Amino acid sequence: DAKTTQPPSMDCAEGRAANLPCNHSTISGNEYVYWYRQIHSQGPQYIIHGLKNNETNEMASLIITEDRKSSTLILPHATLRDTAVYYCIVRPAGGGADGLTFGKGTHLIIQP
Amino acid sequence: DAGVIQSPRHEVTEMGQEVTLRCKPISGHNSLFWYRQTMMRGLELLIYFNNNVPIDDSGMPEDRFSAKMPNASFSTLKIQPSEPRDSAVYFCASSPGPGQGALEQYFGPGTRLTVT
């Protein structure tokens, strides 16, 4: 799987949009970008994934650059409950049955 | 759906004892994964099953660790004998499986293991 680079930590004010960047410059053409998060003392939680088009669901939006070498996860109106470690993971399209390789992620802290 | 169920939620045991962690995946899911999380090493994949068959156990740290999936609704991770360095949070996850389209994994709440 392609490696990803994320900032170790970020702060965001409650109610503002949280923008979490991820670099994946060695991504291959058939690899998806996945985002998971882990709230303290809980198991990781799937957020969203995409290939090359921007994606949006009830939790977040995913913006992937045209060259696919980086992406941004956007939480549009962050709340205190969004404080968590966010993981960006790249894996092949056919890797649905394979395990996930987690990096260190970004610790997002939402400030009141 | 109750989600992925793990038991026990907490386990404290003495070095040398056998430990068995249990997991019930989401009904209908065909893939099951065991992960371990420590402060030093983060989240690591230990082993995963597709359709009850172990596919990749290269993440299992040593022979003291074993995992089974006797049927589609139950899996165990056993450590025998346990050592203090096995102390960690162990997560079980399931996904619809290969060829099912959806690629996300659903994680259980984890079992916090402490070996003294």
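Structure: above.
Below: a short report on this structure. Each chain carries its own residue numbering, running from 1 in the written order of its sequence. Here chains are named by letter from A upward and ligands by number from 1 upward, in the order in which they appear as written. Local features in this predicted model are restricted to residues of pLDDT 70 or higher, and side-chain atom pairs are both shown and tallied only at a pLDDT of 80 or more, whereas totals for entire chains, interfaces and linings draw on every residue. Side-chain numbers here rest on the full set of heavy atoms in the structure, without hydrogens or water.

Working definition: a disulfide is two cysteine sulfur atoms within 2.5 Å of each other. The final tally for this structure, using the stated rule, is 2 disulfides over all chains. Each sulfur in the disulfide pair C22 of chain A and C88 of chain A lies 2.1 Å from the other. Given an S-S torsion of about -85°, the disulfide between C22 of chain A and C88 of chain A has left-handed geometry. Note that C22 of chain A is positioned in strand β2 (residues 18–23) and C88 of chain A in strand β8 (residues 84–92), a separation of 66 residues in sequence. One exposure class covers both C22 of chain A and C88 of chain A, and it is buried. Bridging C23 of chain B to C92 of chain B, the disulfide has an S-S length of 1.9 Å. Taking the torsion about the sulfur-sulfur bond, which here is approximately -70°, the covalent link between C23 of chain B and C92 of chain B counts as left-handed. With C23 of chain B in strand β3 (residues 19–24) and C92 of chain B in strand β9 (residues 88–95), this residue pair connects regions lying 69 residues apart in the sequence. Across the pair, exposure class does not vary: C23 of chain B and C92 of chain B are buried alike. In this text, helices come from DSSP runs of H or I with a minimum length of four residues, and strands from runs of E with a minimum of two, each type numbered from the N-terminal end. Burial classes follow relative accessibility: with a 1.4 Å probe on protein chains only, a residue under 20% of its type's maximum area counts as buried, one over 50% as exposed, and anything between as partly exposed.

All names here are of chain B. One bridge is not enough; two strands pair if DSSP finds at least two bridges between them. Here we have 4 strands laid out as an open sheet, ordered β1-β3-β8-β7, and antiparallel in their pairing. Only two strands of the sheet have a single partner each, and these edge strands are β1 (5–7) and β7 (65–71). Put simply, the sheet's adjacent strands are angled 15° from each other on average, direction ignored. As paired elements, β3 and strand β8 (residues 74–79) share 5 bridges and run antiparallel to each other. Looking across to β8, one finds that L21 is bridged to L77. Each axis is a line fitted through C-alpha atoms, and for a helix only the stretch in contact is used; angles between axes span 0 to 180 degrees, taken between their N-to-C directions.

Turning next to the interface of chain B and chain A. Interfaces are often described in size by the accessible area the parts lose on coming together. At the interface, 17 residues of chain B touch 18 residues of chain A. Put simply, buried area is how much 1.4 Å-probe accessible surface two parts lose in total, over both of them, once they are put together. Carbon and sulfur atoms supply 55% of the area that chain B and chain A bury against each other, a total of about 1400 Å² over both sides. Whenever Lys or Arg places a side-chain nitrogen within 4 Å of a carboxyl oxygen from Asp or Glu, that contact is recorded as a salt bridge. Inspection of the chain B/chain A interface yields 0 salt bridges. Whenever a nitrogen or oxygen atom comes within 3.5 Å of another N or O atom, the pair is scored as a polar contact, on the condition that within protein one atom can donate a hydrogen and the other can accept it, and that pairs from neighbouring residues in sequence are kept only if both atoms are in side chains. Here chain B is connected to chain A by 3 residue pairs in polar contact (both at pLDDT 80 or more). Breaking the side of chain B that touches chain A down by element, the ones donating at least two residues are β4 (31–38), β5 (42–50) and β9 of chain B. Of the residues in the side of chain B that touches chain A, the class split is 10 nonpolar, 6 polar and 1 charged. Residue contacts follow a heavy-atom distance rule, with two residues in contact if any of their heavy atoms lie within 4.5 Å. The residue classification treats Ala, Val, Leu, Ile, Met, Phe, Trp, Tyr, Cys and Pro as nonpolar and Asp, Glu, Lys and Arg as charged. All others, Gly included, are polar.

Residue and element names in this part refer to chain A. Tracing the chain through its elements places H107 in strand β9 (residues 106–111). Classification of H107 as partly exposed rests on a relative accessible area of 35%. Once the C-alpha coordinates of H107 and P44 are considered, the two residues, 63 residues apart in sequence, prove to be 13 Å apart.

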